[in-house]
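Listed below are the residues making up each chain.
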Amino acid sequence: SFGFAKNPQGPANLMTRNFLFAANDSSEVRRPSVYSPGETVFITFEVDGFKRDGKKVWIQEDLNVQYPNNEVAIKLENINDFQKEMENEGSIKFENNIVIPPNADLGRYTLTITLRDLISRQELKEQRFFYVQQPAPGPPPPAIVPTPDDNADGTGSPGNEETDEN
């Protein structure tokens, strides 16, 4: 039988920290976590409180997303299987991304991340929400001040060979 020996470093309590939703290669933090159809949702967080077997760490991650109507949109098991010897103490950064289809339903999506520490046999479920909305009609792009060769009506200088006729 498998016995749970007391960890000399104290009991491990698996947890996440610094859970962020972002966009544009995770550089643009989204607070609130609102996206438009066609965008990519970047999810980053740190995992801490895992147990080590010597220096070995082994954490697996599942990722599930539910549509606004609660039907399963994505179910990915073992999207991350982190097995490593870690020299230093500290947290582990996990990153995931999800592409929102251009025809995605609008509304609130439920993200559930399940983490398993295979050494301590602990499991942690984290639930977060993100929203898909039509992009708001924001301010118009900055106006380009027309020069004589770049007229506002789209006509160019006399040397411009592009015409509307084929």
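### Describing the environment of Phe82
In step 1: In this structure, Phe82 sits in strand S6 (residues 72–85).
In step 2: Sequence separation of Phe82 and Asp117 is 35 residues, and the distance between their C-alpha atoms is 9.6 Å.
In step 3: Not counting chain neighbours up to four residues away, the residues in contact with Phe82 comprise Val57, Trp58, Ile59, Ile92 and Phe94.

### Things to note about the sheet that holds strand S2 (residues 28–29)
In step 1: In space, the 4 strands of this open sheet follow the order S2-S1-S4-S7, with antiparallel pairing throughout. Bordering the open sheet on either side are S2 and strand S7 (92–99), each of which pairs with just one other strand.
In step 2: Note: strand S4 (residues 40–48) against S7, 8 bridges, orientation antiparallel. Residue pairing in the sheet places Thr40 in a bridge with Val99 of S7.

### A word on the pairing of strand S9 (residues 122–132)
In step 1: Judged from the 2 bridges that link them, strand S3 (residues 34–35) and S9 form a sheet pairing that is parallel. When the sheet's bridge partners are listed, Tyr35 is paired in S9 with Val132.
In step 2: One ladder, built from 11 bridges, connects strand S8 (residues 107–117) with S9; its direction is antiparallel. Within S9, the position partnered with Gly107 by the bridge is Val132.
In step 3: Following S8, the chain reverses through 4 residues before pairing antiparallel with S9; Arg121 in that reversal takes a positive phi of roughly 60°.

### Considering the pattern of salt bridges
In step 1: Within the structure shown, the criterion is met by 9 salt bridges.
In step 2: In this structure, the salt-bridge partner of Glu89 is Arg52, at a minimum N-O distance of 3.7 Å. Here the residue Glu89 occupies a position in the loop between S6 and S7, and Arg52 occupies one in the loop between S4 and strand S5 (56–66), the gap between them amounting to 37 residues.
In step 3: According to the relative accessible area criterion, Glu89 is exposed, its value standing at 62%.

### Things to note about the pairing of strand S1 (residues 15–23)
In step 1: Summarising the sheet, S1 and S4 pair through 6 bridges and their orientation is antiparallel. Across the sheet, residue Ala22 finds its bridge partner in S4, namely Phe42.
In step 2: With 2 bridges connecting them, S1 and S2 associate as antiparallel partners. Considered in S2, the bridge of Ala23 is made with Glu28.

### Notes on the sheet that holds S5
In step 1: Read across the open sheet, the 5 strands follow the order S3-S9-S8-S5-S6; overall the sheet is mixed. What marks the edges here is a single partner per strand, and that holds for S3 and S6.
In step 2: With 8 bridges joining them, S5 and S8 adopt antiparallel strand pairing. Pairing of Leu63 across the sheet is with Ile113, part of S8.

Calculation rules
- Residues numbered from 1 in each chain as written.
- Predicted model: local features only at pLDDT ≥ 70, side-chain atom pairs only at ≥ 80, totals over all residues.
- Heavy atoms only, no water.
- Helix = DSSP H or I, 4+ residues; strand = E, 2+ residues; numbered from the N terminus.
- Contact = heavy atoms within 4.5 Å.
- Pairing = 2+ DSSP bridges.
- Salt bridge = Lys/Arg side-chain N within 4 Å of Asp/Glu carboxyl O.
- Buried < 20%, exposed > 50% of the residue type's maximum accessible area, 1.4 Å probe, protein only.

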